[in-house]
Amino acid sequence: MKRSKKKSAAKGNPRTHSRANPQANPLWGGRFASGPDALMEQVNASIGFDKALATQDLAQSRAHCSMLVKAGILSAKDGHAILKGLAAVEREIAAGAFTFAPALEDIHMHVEARLAELIGEPAGRLHTARSRNDQVATDFRIWVRDAVDRIDAGLSSLQRVLLDRAHEHAETVLPGLTHLQPAQPVTFGHHLLAYFEMFDRDRGRFRDCRARLNESPLGAAALAGTTYPIDRKATAKALGFARPMENSMDAVSARDFALEFLAACSIAAVHLSRLGEELVIWASARFRFVRLSDAFSTGSSIMPQKRNPDAAELLRAKAGPIIGALNSLLVTMKGLPLTYSKDMQEDKVPTFAAAEQLELSLQVMAGMVADLTVNKDAMRAATSEGFLTATDLADWLVQELDMPFREAHGVVGRIVRLAEHKGVGLEQLSLGDLKLVEPRITADAQRALSVENAVARRRSHGGTAPKQVRSALKRARARWKQANKDAKR
């Protein structure tokens, strides 16, 4: 029995695990006589994902060091040594020569420990007047701010493609649908501009998110501020923030900037998913409205004839994990009292993943829309089904016969039923057929049944008439150019 127990322990039985490190962590070890359990070390470490914050952490350490020197809290000599050491750490990380170890928990402790190895005692002075709490909050805000800028660039590229394709197809007619049923004829350019507008609102949401998150937590320290005469405005300016955060407790505990970012990501992902679904439908053999290029299609391992819109389908699927990231962080934050709790360490994994997937999705969608081939003939042929110009006939009855719209609606409903009975489209009914239902109808009404006329007459602002589409394109392109100029400021 004794031999069995020893064998179990040697294999890492969870009941008999040993200490991973008999010495306390040197960065917080004064309070502790021994090191953490191996499982505690495993669950506690975040370096596996927050090493992505290395660039941001080094930037805020440089800003903090320079401020300490200027404030007279740190000597110029020590400040110079620290900045030189931080530059060496940055080179090691960039070259892939930096060693990451779970025992040091996070990126902050890794940088500080390596700095101590490089420059010795002055490294211990860098943490004066700050805490890992305000460090991580600062790093994370910078990372999210950078992600917003990358995503905005991706949205802009997709918008440019949509503008170009909408211009190309300002007069291409296809059925507009409601409930996935034929409704009214529209132009393909008008349809694509609807997505331009969706993505334009997405850019607005990200811009709003960026403006709100662009405040610096650095200097809030653990939660209560610091007794040192620091200059938080200086560090905020050095890191590109508009201002320091007003409340030190809020500074270290707020994650609504990440929630807002993930909400914007989720809505953008939903818009991509909707367009992805349309591409799947349009590319199907039943519709044949578009053909996706070889670059964004796949085949079948068993059916040689297959041409699958996998890229579009994957964009539908990727909305799920992005929305899940938002839900994950909402649930993590919902019960946390002020200020910092270790739960908040789990904010980065879903945020990093959502940003990465959204950036990729935007690139894929831009590629698909740019490369797709439009089948104008199939689109136009589809407008002959579903009595798409029924509303136009009702409008003619209102405008020419002064008939109340509700009455006109009923008249046209009976005409549709007649066409259905005859197995023809509305435009194929004779004038005599129309007069059987409403004797006052004239030959002029038959012109209202033309798909091209129906589209051309919808000249209201935001309508689908080619003339309106071209006007909308001009306005949209001007807004797009202005947004891109603003983004560069």
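Below: a short report on this structure.

Rules of the game
Residues numbered from 1 in each chain as written. Predicted model: local features only at pLDDT ≥ 70, side-chain atom pairs only at ≥ 80, totals over all residues. Heavy atoms only, no water. Helix = DSSP H or I, 4+ residues; strand = E, 2+ residues; numbered from the N terminus. Buried < 20%, exposed > 50% of the residue type's maximum accessible area, 1.4 Å probe, protein only. Polar contact = N/O pair within 3.5 Å; in protein donor to acceptor, adjacent residues only side chain to side chain. Contact = heavy atoms within 4.5 Å. Expected span 1.5 Å × (residues − 1). Arc of directions from axis to C-beta. Salt bridge = Lys/Arg side-chain N within 4 Å of Asp/Glu carboxyl O. Axes fitted to C-alpha atoms, helices over the stretch in contact; angles between N-to-C directions. Parallel < 35°, antiparallel > 145°, perpendicular 65-115°, else oblique. Nonpolar A, V, L, I, M, F, W, Y, C, P; charged D, E, K, R; others polar. Patch = residues over 30% accessible without salt bridge, like charges linked within 9 Å, V, L, I, M, F, W, Y side chains within 5 Å. Areas by Shrake-Rupley, 256 points an atom, 1.4 Å probe, with all protein chains shown as cover. Phe/Tyr/Trp six-rings, centres within 6.5 Å; stacked < 30°, edge-to-face > 60°. Lys NZ or Arg CZ within 6 Å of the ring centre and 35° of its normal.

1. Regarding the side chain of Ser-266
1) Next: Within the secondary structure layout, Ser-266 lies in helix H11 (residues 256-283).
2) Next: Since its relative accessible area comes to 6%, Ser-266 is described here as buried.
3) Next: A polar atom in the side chain of Ser-266 sits 3.5 Å from the backbone oxygen of Ile-322.
4) Next: Once residues within four sequence positions are removed from consideration, Ser-266 is found in contact with Ile-322, Ile-323 and Leu-326.

2. A look at helix H7 (residues 132-168)
1) Next: Between its terminal C-alpha atoms H7 stretches 54 Å, which fits the 54 Å expected from 37 residues at 1.5 Å a residue.
2) Next: Burial runs high along H7: 27 of the 37 residues are buried.
3) Next: Put simply, Ser-131 is the residue that caps the front of H7, since its side-chain oxygen is 2.9 Å from the backbone nitrogen of Asn-133.

3. Things to note about helix H16 (residues 405-422)
1) Next: Relative to the 26 Å expected for 18 residues at 1.5 Å per residue, H16 spans 25 Å between its end C-alpha atoms, a close match to the ideal helical length.
2) Next: Considered for burial, the residues of H16 that qualify are Ala-408, Val-411, Val-412, Ile-415, Val-416, Leu-418 and Ala-419. Looking straight down H16, one finds its buried side chains confined to an arc of 160°; they lie on one side. Within H16, the exposed residues directed more than 90 degrees away from the buried face are Arg-406, Arg-417, Glu-420 and His-421.
3) Next: Buried-residue contacts for H16 involve helix H15 (390-401) and helix H17 (431-437).

4. Brief notes about the environment of Pro-229
1) Next: Residue placement: Pro-229 occurs in the loop between strand S3 (215-216) and helix H9 (232-238).
2) Next: Under the relative-accessibility criterion, Pro-229 is labelled exposed at 56%.
3) Next: Sequence-wise, Pro-229 and Ile-73 are 156 residues apart; in three dimensions their C-alpha atoms are separated by 7.8 Å.
4) Next: Setting aside anything within four residues of it in sequence, one finds Pro-229 in contact with Ala-71 and Ile-73.

5. Observations concerning the pattern of salt bridges
1) Next: Inspection of the entire model under this criterion finds 30 salt bridges.
2) Next: Between Arg-114 and Glu-117 there is a salt bridge, with its nearest N and O atoms 2.9 Å apart. Residue Arg-114 and its partner Glu-117 are located together in helix H6 (residues 107-119), separated by three residues, close to a single helical turn.
3) Next: Connected via shared salt-bridge partners are Glu-105, Asp-106, Arg-132 and Lys-342.

6. Some thoughts on the packing of helix H4 (residues 54-70) against helix H5 (residues 76-95)
1) Next: Look at H4 against H5: their axes get within 9 Å of each other, and the N-to-C directions meet at 170°. Compared by their axis directions, H4 and H5 come out roughly antiparallel. Of the residues in H5, those in contact with Ala-54, Leu-58, Ser-61, Arg-62, Cys-65, Ser-66 and Val-69 of H4 are Ala-76, Gly-79, Ile-82, Leu-83, Leu-86, Val-89, Glu-90 and Ile-93.
2) Next: Grouping the constituent residues of the contact of H4 with H5 by class yields 10 nonpolar, three polar and two charged.

7. Structural notes on the environment of Leu-86
1) Next: Its place among the elements puts Leu-86 in helix H5.
2) Next: What makes Leu-86 buried here is its relative accessible area of 0%.
3) Next: Leu-86 sits 106 residues away from Leu-192 along the chain, and the two C-alpha atoms are 49 Å apart.
4) Next: If we skip the residues at most four places from it in the chain, Leu-86 touches Leu-58, Ser-61, Arg-62, Val-111, Leu-115 and Leu-126.

8. Focus on a nonpolar patch on the surface
1) Next: Taken together, the side chains of Leu-223, Met-249 and Leu-338 define a hydrophobic patch exposed on the protein surface, amounting to about 270 Å² of accessible area.
2) Next: Within the secondary structure layout, Leu-338 lies in the loop between helix H12 (310-333) and helix H13 (348-371).
3) Next: Owing to a relative accessible area of 63%, Leu-338 belongs among the exposed residues under this scheme.

9. Focus on the packing of aromatic side chains
In this description, a pair of aromatic rings is defined by centroid distance and the angle of the planes.
1) Next: Counted according to the given criterion, the structure contains eight aromatic pairs.
2) Next: Judged by centre distance (5.4 Å) and plane angle (70°), the ring pair of Phe-140 and Phe-257 falls under edge-to-face. Taken together, the positions of Phe-140 in helix H7 and Phe-257 in helix H11 put the pair 117 residues apart, joining distant regions of the chain.
3) Next: Taking 6.0 Å as the distance between ring centres and 65° as the angle between the ring planes, the aromatic pair formed by Phe-206 and Phe-261 counts as edge-to-face. Of this pair, Phe-206 sits in helix H8 (residues 188-213) while Phe-261 sits in helix H11, and the two are 55 residues apart along the sequence. Of the two residues, Phe-206 and Phe-261, neither departs from the other in class, the shared state being buried.
4) Next: Lying over the aromatic face of Trp-143, Arg-150 brings its terminal NZ or CZ to 5.5 Å of the ring centre.

Don't take any of this as a statement about function, it's just geometry.
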